[in-house]
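# Structural characterization, general
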Amino acid sequence: MASNRNLLVLPGDGIGPEVMNEVRKIIAWMGRKRAVGFDIQEDVVGGAALDKHGVPLADATMKTALEADAVLFGSVGGPKWDNVEFNKKPERGLLRLRKEMDLFANLRPAKVFDALIDASSLKPEIVKGLDIMIIRELTGGVYFGEPRGVSTLPNGEREAVDTQRYKTSEIRRVCAVAFELARKRRNKVCSSEKANVMHTGVLWRDEATKLHKEQYADVELQHMYADALAMQLLRSPGQFDVIVTDNLFGDILSDEASMLTGSLGMLPSASLGAPDATGRRKALYEPIHGSAPDIAGKGLANPLAETLSYAMMLRYSFDLGNEADLVEKAVENVLATGYRTADLLGGGKQDGVKKVGTQEMGDAIVKELDRLA
C-alpha cells in the first residue's frame, strides 16, 4: 500500500499518549481495510520535549511539522512543569507550532450526539440537534501582540501589558475561511467582536462586512458583540451555524460552546494555514481537552475527541470525506449502544449505559468500523 501522506504524530503529555494510542488503532484499521495509509513520524512535544531536549519543542521537530501534510497532536502540560520559566512552559511548544506553521484558523465544532443529549447542562430541547462551528483567529490578537510583559513603575507598583492588534489581512483571511465553510453547511455566519468599545472590534466588523459584500454576498452575515453571543449560546444556540471571532473571544466562546455538548472529552479541533500554490494547507489537529494529569496513566481518558480530530484531518487535509463520515458514524453508534467513559456519566438517564475505559472505548470504535464496513 503506497502512501505519500506524511503525518507527524505528537502525543505530548498527560493523557495525550493514551488517547493517541487508540487513534493509532483506527489509523491501522484504515490502512488494512480502506487502503488509507500514512507515512508516520512520531516525536515529543511539551513537557516530554522539555525533559528530553530542554525545550518544549525542538527545532528538528518544528522542521518536521513544517514539512508534514498534517500534524496530529495530543496534549501538553502538567504539574511537573508548573515552575519552569515562562518561555519554557510546555504550552509554548504548541504556541510555537501554531505560530511558525501560520495556523491562523482554528475550527472548533460543537455537536450534540443524540445519545449524549442528557449529559448537557442545558435542557434537551435547547441542545437537541445542535451542530455549530466556531472559527477562532489563532495567530494574532492579544496573545501575540506587542508590547507585552510585566514591568515595575517608578513608584514600585507592578504593571502588566498585553496588546490587542489586528491587521486587515489577518481579519479577511479568517473570515474567508468562515464564509467558505458556511457555504458547505447552512450558509450562515455570525461575526463577533466588541466594536462598541474596542478599535480592533471596529476594524474587524468593517473588514468582515467589506469581504462579505465583495465575495460572499450569497452567505447570510450577522454581527454580534461577544458578550451578547456568550449569552445567546446559552439561551438559543441552535440559531448559529458558523461563528467567526478573534483569538481571545474565540478561546472563551469555544470553551463555552463545548460544554453545551456535555464533555470536553468529545470535542475535536483543526488549526489550518493558508493554501499554497497546490491548494495544500499546513494543518494541526487536536482535541480541545487538556492533559488531565489527575487521570493520566489510569486508563480513564475519553479517546473520542482525539478520534474525531483524526476524522477532521481525513476531511480537511486529505479530502477523504467518506472515511471521515465512517469514523464519525462509528463514534455515534458506539455512544448509542451505551458505551461511556467516566466523563460522560454525569447526570441524565443511565439506562443501558456501560462504563468503559480508554482502551475499551477505542476497541469498540474499531469493532464498529468493522461492522459498518
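Just so it is clear, the structure is predicted and the values come from calculations on it, not from any experiment.

Okay, the side chain of Ser258 next. Along the chain, Ser258 turns up in helix H9 (residues 247-259). A polar contact of 2.6 Å, which involves the side chain of Ser258, links it to the backbone oxygen of Asp255. With near-sequence residues (within four places) excluded, Ser258 lies in contact with Ser263, Leu264, Leu267 and Ile288.

Turning our eyes to something else, we now look at the state of the cysteines. Two cysteines whose sulfur atoms are joined by a covalent bond form what is called a disulfide. Inspection of every chain in the model, using the stated rule, returns 0 disulfides. With no disulfide of its own, Cys190 has Cys175 as its nearest cysteine by sulfur position, at a separation of 11 Å.

Further remarks concern the side chain of Thr245. For Thr245, the position within the fold is in strand E10 (residues 242-245). Polar side-chain contacts of Thr245 include one of 2.9 Å to the backbone oxygen of Ser192.

Taken in spatial order, the 10 strands make up an open sheet running E2-E1-E3-E12-E11-E4-E5-E10-E8-E9, and their pairing is mixed. A strand with exactly one partner marks an edge of an open sheet, and here the two such strands are strand E2 (39-42) and strand E9 (220-225). Neighbour-to-neighbour, the strand axes of the sheet open up by a mean angle of 20 degrees, direction not taken into account. The pairing of strand E11 (residues 268-275) with strand E12 (residues 281-287) spans 6 bridges and is classified as antiparallel. Bridged to Pro275 within E12 is Arg281.

What follows deals with helix H10 (residues 304-316). One turn of the α-helix equals 3.6 residues, which is why residues spaced by three or four share an orientation. Here H10 is 13 residues long and its end C-alpha atoms lie 18 Å apart, about the 18 Å a rise of 1.5 Å per residue gives. Of all the 13 residues making up H10, 11 are buried; the element is thus mostly covered by neighbouring parts of the structure. Every buried residue of H10 is listed here: Leu304, Ala305, Glu306, Thr307, Leu308, Ser309, Tyr310, Ala311, Met312, Met313 and Leu314.

Bringing the packing of aromatic side chains into the picture now. Each aromatic ring pair is specified by the distance between its two centres and by the angle formed by the two planes. A complete count under the given rule lists 3 aromatic pairs for this structure. With a centroid separation of 5.3 Å and an interplanar angle of 65 degrees, the aromatic rings of Phe38 and Phe318 are classed as edge-to-face. Placement of Phe38 in the loop between helix H1 (16-33) and E2 and of Phe318 in the loop between H10 and helix H11 (321-336) is noted, with a sequence separation of 280 residues between them. Neither residue differs from the other here; Phe38 and Phe318 are each classed as buried. A centroid spacing of 5.5 Å and a plane angle of 80 degrees characterise the contact between Tyr166 and Trp204, whose relative ring orientation is edge-to-face. You can see Tyr166 sitting in the loop between strand E7 (158-161) and helix H6 (168-183) and its partner Trp204 sitting in helix H7 (residues 199-215), a full 38 residues away along the chain. A relative accessible area of 8% means that Tyr166 is categorised as buried. Its relative accessible area of 2% is what places Trp204 among the buried residues.

Conventions and cut-offs
Residues numbered from 1 in each chain as written. Predicted model: local features only at pLDDT ≥ 70, side-chain atom pairs only at ≥ 80, totals over all residues. Heavy atoms only, no water. Helix = DSSP H or I, 4+ residues; strand = E, 2+ residues; numbered from the N terminus. Polar contact = N/O pair within 3.5 Å; in protein donor to acceptor, adjacent residues only side chain to side chain. Contact = heavy atoms within 4.5 Å. Disulfide = S-S within 2.5 Å. Pairing = 2+ DSSP bridges. Axes fitted to C-alpha atoms, helices over the stretch in contact; angles between N-to-C directions. Expected span 1.5 Å × (residues − 1). Buried < 20%, exposed > 50% of the residue type's maximum accessible area, 1.4 Å probe, protein only. Phe/Tyr/Trp six-rings, centres within 6.5 Å; stacked < 30°, edge-to-face > 60°.

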